[in-house]
Each structure stands twice: as C-alpha cells, then as structure tokens.
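What the coordinates show
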Amino acid sequence: QVQLVESGGGLVQPGGSLRLSCAASGFTFSWYAMSWYRQAPGKERELVAGITSNGGNTNYADSGKGRFTISRDNAKNTVYLQMNSLKPEDTAMYYCNAKSKFRETLIYWGQGTQVTVSS
C-alpha cells in the first residue's frame, strides 16, 4: 500500500521557519523524483520544489528560491522541505508528490500538511 505522509506544518509567525517531512512507504523510494506542491484557498496547486531520484538535482519555484531547500534521505524514504523567512503568502496546504523515473504517469500524492504564516 503506497503512502506519503506529510508532517511538520503548523502556525508560524512571518520570518519564521518550518521543516516539512514526507515519509514514503509501499514503493521503491529511490526510483521516484519527489516534489512539494502547495495550494492556497481559491488558487491552483503549484509546484514549490522538486528533487531528482538520487538527490543530484533540485529545482524551485521563484517564490521559494533562496528561502526553501528541498532534500531527501533515501535510506529513510523521506523527503524534506526546509522553509525559512516565511511570509503570509506562503500560507497553503503543502503536498508531497512522487513521480516514477521509469513511468511519468505513475504519480502518488500525500494528504497534505497545513502551513499558516500569520502574526
């Protein structure tokens, strides 16, 4: 049974930091590129950051460049998103995404973790 379980969200003040985690199970984690997406109320889901299956390459949306860092630990089947200098506009539900490097249509999603940036 495939599972992606996000954690680490919460309420934080502007300028604060959070570290999101996504624990994967039920598939060969090292065969999958991993990404973080987010969706704010009334808006479309958008890519935040991605990392290749071996962790060798990362990419970021402009909104997070210089503030967010994606990383993964293939031994722990976990992907992380370190978020610093958080802004109110970062408030959203954050989702973990896994995409097979062998078949791009094989995609899994987590249930999401809420991040709220507010004073």
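Details of the structure are given in the entry above.
Described in the following lines is the structure provided in the data block.

The rules behind the values
Residues numbered from 1 in each chain as written. Predicted model: local features only at pLDDT ≥ 70, side-chain atom pairs only at ≥ 80, totals over all residues. Heavy atoms only, no water. Disulfide = S-S within 2.5 Å. Helix = DSSP H or I, 4+ residues; strand = E, 2+ residues; numbered from the N terminus. Phe/Tyr/Trp six-rings, centres within 6.5 Å; stacked < 30°, edge-to-face > 60°. Buried < 20%, exposed > 50% of the residue type's maximum accessible area, 1.4 Å probe, protein only. Lys NZ or Arg CZ within 6 Å of the ring centre and 35° of its normal.

1. Overview of the state of the cysteines
Disulfides are covalent bonds that link the sulfur atoms of two cysteine residues. Counted under the stated rule, the structure contains one disulfide. Each disulfide pairs two cysteine sulfurs, and for cysteine 22 the partner residue is cysteine 96, the sulfurs being separated by 2.1 Å. Note on the cysteine 22 and cysteine 96 pair: the S-S dihedral is about -85 degrees, so by sign convention the disulfide is left-handed. With cysteine 22 in strand 3 (residues 18–25) and cysteine 96 in strand 9 (residues 92–100), the pair connects residues that are 74 residues apart, well separated along the chain.

2. Section: the packing of aromatic side chains
For any pair of aromatic rings, geometry is given as the distance between the ring centres together with the angle between the planes. Following the criterion strictly, the structure yields five aromatic pairs and no others. For the ring pair phenylalanine 27 and tyrosine 108, a centre distance of 5.2 Å and an interplane angle of 45 degrees mean the geometry is tilted. A residue pair is termed long-range when its members are at least 10 positions apart, and phenylalanine 27 in the loop between strand 3 and strand 4 (32–39) and tyrosine 108 in strand 10 (residues 107–109) qualify at 81 residues. Under the relative-accessibility criterion, phenylalanine 27 is labelled buried at 13%. Their ring planes at 85 degrees and their centres at 5.4 Å tell us that tryptophan 31 and phenylalanine 102 sit as a pair that is edge-to-face. With a gap of 71 residues between them, tryptophan 31 in the loop between strand 3 and strand 4 and phenylalanine 102 in the loop between strand 9 and strand 10 connect regions that are remote in the sequence. Look at tryptophan 31 and you get partly exposed, because its relative accessible area is 43%. Put simply, the rings of Phe27, Tyr32 and Tyr108 touch in pairs and so form one group of aromatic residues. The ring of tyrosine 80 has arginine 19 lying over it, and the distance from NZ or CZ to the ring centre is 4.0 Å.

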